[in-house]
Amino acid sequence: MQNELLTALGQSLVTGSLTDEALLARTSEHPLVQILPDANVVKVGGQSFIDRGRAAVFPLIDEISANLGRHKMIIGTGAGTRARHAYSVGIDLGMPTGVLSVLGTFVSMQNARMLHYLLAKHGIPFIEPVQFPQLPLYLAERGAAIFFGMPPYTFWQKNPAIGRIPPHRTDTGCFLISEVFGTRSMIYVKDEDGLYTADPKKDRHARFIPRISVSELKAMDLDDVVVERAVLDIMPNAENRRSIQIINGLVPGNLTRALEGEPVGTIITAD
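The following refers to the structure shown. Worth saying up front: this structure is predicted, and the values here are computed from it rather than measured. (Residues numbered from 1 in each chain as written. Predicted model: local features only at pLDDT ≥ 70, side-chain atom pairs only at ≥ 80, totals over all residues. Heavy atoms only, no water.)

## A word on a nonpolar patch on the surface
A cluster of nonpolar residues, Leu13, Leu18 and Leu24, forms a patch on the protein surface that exposes about 260 Å² of accessible area. Structurally, the position occupied by leucine 13 is in helix H2 (residues 8–15). (Patch = residues over 30% accessible without salt bridge, like charges linked within 9 Å, V, L, I, M, F, W, Y side chains within 5 Å. Areas by Shrake-Rupley, 256 points an atom, 1.4 Å probe, with all protein chains shown as cover. Salt bridge = Lys/Arg side-chain N within 4 Å of Asp/Glu carboxyl O. Helix = DSSP H or I, 4+ residues; strand = E, 2+ residues; numbered from the N terminus.)

Right under this line is the structure:
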């Protein structure tokens, strides 16, 4: 009966060891299904964008609203300055990385709730991780959904190589959603035009980089990068999400251009 029901790979997985590298390699023989290939993950920065308040957020809300019915959007939120304050207090009190991850999650959730209320008149729902199985329905019915970008690792967040700040934060959480659901794009909305050789707010000689690969970027060994380094670590092994795009959301029309597939901002590729 077992031989009739299981494929050769299935039998090997049942009887073999999940630490066998040859067996693990066989599990990637079949191509992945792209669950939501027409959707776009849009991550709205916390400190870089939402913390700027009305002047930054309201025009972006208008642009998101204008794209409803034209582009499906899964909108994730960053945590920003309030999370950094929570991290500083937690570290001062001796909290471990897993607890700091919980603190950052709730700040990211606050930002998601605020965007949710601003888009409530359009029927755009706020969803938590347990509701992601209903995401295809929300997108089909309303064209968008909002979630908090922090991955729900909470106490299970891995310790970083240096210090105690959670290494997988909101940039990483949004990237993972794009990868798992096989979405059309992964767009990061920041307050800069994209990636620079240095922080342009601090170095007026910083050079803009319109396109670069992960390997090239790592070889540059920059002190500061525009997305979490964990995203760059994950990208080489990604199967669906092989590129990301960073745009300046303070420039009207940039989000629309990115949703249309234009190479605005910086594009970082896995290859």
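There is more to say after this.
## Overview of the pairing of strand E9 (residues 266–269)
Judged by which residues are buried, E9 turns out to be covered on both faces: Thr266 and Ile268 on one side and Ile267 and Thr269 on the other are all buried. Bridge count between strand E7 (residues 211–213) and E9: three bridges; the pairing is parallel. Its bridge partner lying in E9, arginine 211 is registered against isoleucine 267. Strand direction decides the pairing type here: strand E8 (residues 243–248) and E9, joined by four bridges, are antiparallel. Across the sheet, the residue bridging to isoleucine 244 is isoleucine 268, located in E9. (Buried < 20%, exposed > 50% of the residue type's maximum accessible area, 1.4 Å probe, protein only. Pairing = 2+ DSSP bridges.)

## Brief notes about the packing of helix H5 (residues 81–92) against helix H6 (residues 97–118)
Relative to each other, H5 and H6 sit at 160°, their axes nearing to 9 Å. By the angle between their axes, H5 is roughly antiparallel relative to H6. The handedness of the crossing between H5 and H6 is right-handed. For the pair H5 and H6, the contacting residues are Arg82, Ala83, Ala86, Tyr87, Gly90 and Ile91 in the first and Leu100, Leu103, Gly104, Val107, Gln110, Asn111 and Met114 in the second. By residue class, the composition of the contact of H5 with H6 is eight nonpolar, four polar and one charged. (Axes fitted to C-alpha atoms, helices over the stretch in contact; angles between N-to-C directions. Parallel < 35°, antiparallel > 145°, perpendicular 65-115°, else oblique. Left-handed = near helix turned anticlockwise from the far one by under 90°. Contact = heavy atoms within 4.5 Å. Nonpolar A, V, L, I, M, F, W, Y, C, P; charged D, E, K, R; others polar.)

In short, the description is geometric, and any link to function would need to be established separately.
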